[in-house]
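# Structural overview for review
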Amino acid sequence: MSDAELVLRSTRVITPEGTRAATVTVSAGKITAVLPYDAEVPPAARLEDVGDHVLLPGLVDTHVHVNDPGRTEWEGFWTATRAAAAGGITTLVDMPLNSLPPTTTVANLRVKQRVAADKAHVDVGFWGGALPGNVGDLRPLHDAGVFGFKAFLSPSGVDEFPHLDREQLARSLAEITGFDGLLIVHAEDPHRLAAAPQQGGPRYADFLASRPRAAEDTAIAHLVAEARRLNARVHVLHLSSADALPLIAAARAEGVRVTVETCPHYLTLTAEEVPDGASEFKCCPPIREAANQDLLWQALADGTIDCVVTDHSPSTADLKTDDFATAWGGISGLQLSLPAVWTEARRRGHGLEDVVRWMSTRTAALAGLAHKGAIEAGRDADFAVLAPDETFTVDPAGLQHRNRVTAYAGRTLYGVVKATWLRGERIVADGTFTEPRGTLLERPRPAATTERERNL
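### What to know about the nonpolar core
- Grouped together as the largest cluster of nonpolar side chains are 100 residues, with contacts concentrated most on L56, F149, L183, L239 and V355.
- It is helix 1 (residues 77–86) that contributes the most residues to this core, six residues altogether.
- Beyond its immediate sequence surroundings of up to four residues, V355 is in contact with L338, V341, W342, A345 and S360.

Quick look at the structure:
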């Protein structure tokens, strides 16, 4: 401990071995040791004793739409990363669409990196995009450091990011498999969507009927079949249909390299409670019924679903009209994801160790960020300090993201983030922020990942 610059102490530190009273030493932005609670503090080190608050690893959110540049009136790196920091998230990976330009070429990636460089309050990485006609851009993007490639199997909602048909999916996936990259997929089948009733209007029941579970199930089945054929690495984004879980579990049991995420809104909100006209609840695929939600929680518990991410996808308030057919589909959740998930997790008998596994350890593994996602020696000194038994009522005026529209308004949640630390520097405490200290991340090199990281 003699070279420690910072020592954090808590009666409840969440480590890979469990929760215990501990002293965590930090030097040069890295965790150097996790020691007994009463370990002696070196004279030159600064002690931060957080008492009985829980010290947990900073969360890693691998599904965020920052929309910057091009649609910065929707969101931006400054505001999105402040919201992340306020919610205990210390690393995010930005989605390749809704910004202009989309991250579909190396030149476009460099544009986004330049915009983000001096605005990031947390560490930021980037996904690339797989589009019809950009197969030749995939390997250069991989070599330039993107963490993998996002594709849609149905229309994305923005013209500059068209979806892949089955033939295009096969070509893109074969190319990505050639360098053992990762394809992350919005899996809804366009033919199933086209066949569903499309009534429009303010009734949530009508919107839910327009995005049936079968659209997800069909698309996931085809994606799994392609992954099996090519021995490809694929990841199912924002799973909402519990009907797809048996197929996913069976595929993984036979060795198909498929991982799965879901989102806080699918785990904490239900179709039965969505008011008509309340398009702050609109997302695609949609929030489904309570019985479906129960099955998602079971799949988290048994490991069929690997991780939980926000799919933070904001827009300006005027695009959230009371017509579910035309309103922008996306839920803003960065700042509230940890308390939202924790509130429901504790009600269902899960502990904070489970939440950390779903929202930090496994998301870090998905992106290959071996230096993130846990409190242990050698990892980045990224921490959130949480008061898990304190509650607060969500007031949109207190949110940091640019457009303060939220499906969680008025909800009382457990878990108050008291402070967030990034590489040994406190970046927010009790609502007060430092200047941006985030770093732009690239995919770890060499490109090969361990079998454990591939399979989470």
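### Description of helix 8 (residues 245–253)
- For helix 8, every residue scored as buried is listed here: L245, I248 and A251. With its buried residues spanning 130° around the axis, helix 8 presents them on a single face. Among the exposed residues of helix 8, those oriented more than 90 degrees off its buried face are P246 and A253.
- Positive backbone phi, approximately 100°, marks G255, located one or two places after helix 8.

### Comments concerning the layout of surface pockets
- Empty space within the largest pocket amounts to approximately 610 Å³.
- Surrounding the largest pocket, 33 residues form its lining, P155, S156, R211, K282 and C284 being those nearest its centre.
- For the lining of the largest pocket, the secondary structure elements donating two or more residues are strand 10 (149–152) and helix 6 (204–210).
- When residues in the lining of the largest pocket are grouped by element, the largest group, three residues, is from helix 6.
- In terms of residue class, the lining of the largest pocket is built from 12 nonpolar, 15 polar and six charged.

### A short note on the sheet that holds strand 7 (residues 89–94)
- Across the sheet, which stays open at both edges, the three strands sit in the order 6-7-8 with parallel pairing between neighbours. Across the chains shown, the open sheet's two edge strands, defined by having one partner strand only, are strand 6 (59–64) and strand 8 (123–126). For this sheet the average axis-to-axis angle between neighbouring strands, irrespective of direction, equals 20°.
- Pairing between strand 6 and strand 7: four bridges, direction parallel. Across the sheet, L59 pairs through a bridge with I89, a residue of strand 7.

### As for the sheet that holds strand 13 (residues 258–262)
- The six strands are arranged 9-10-11-12-13-14 in an open sheet whose pairing can be described as parallel. Looking along the sheet, the strands with just one partner apiece sit at the ends: strand 9 (128–129) and strand 14 (307–308).
- As defined by bridge partners, strand 12 (residues 233–236) adjoins strand 13 across three bridges and the pair is classed as parallel. When the bridges of strand 13 are listed, V234 appears paired with V258.

Cut-offs and rules
- Residues numbered from 1 in each chain as written.
- Predicted model: local features only at pLDDT ≥ 70, side-chain atom pairs only at ≥ 80, totals over all residues.
- Heavy atoms only, no water.
- Core = buried A, V, L, I, M, F, W, Y, C linked by side-chain atoms within 4.5 Å.
- Buried < 20%, exposed > 50% of the residue type's maximum accessible area, 1.4 Å probe, protein only.
- Helix = DSSP H or I, 4+ residues; strand = E, 2+ residues; numbered from the N terminus.
- Contact = heavy atoms within 4.5 Å.
- Arc of directions from axis to C-beta.
- 1 Å grid on protein atoms, 1.4 Å probe; cavity = no way out; pocket = protein on both sides within 12 Å on 5 of 7 lines; lining within 4 Å.
- Points joined across faces, edges and corners; volume = space filled by probe spheres on them.
- Nonpolar A, V, L, I, M, F, W, Y, C, P; charged D, E, K, R; others polar.
- Pairing = 2+ DSSP bridges.
- Axes fitted to C-alpha atoms, helices over the stretch in contact; angles between N-to-C directions.

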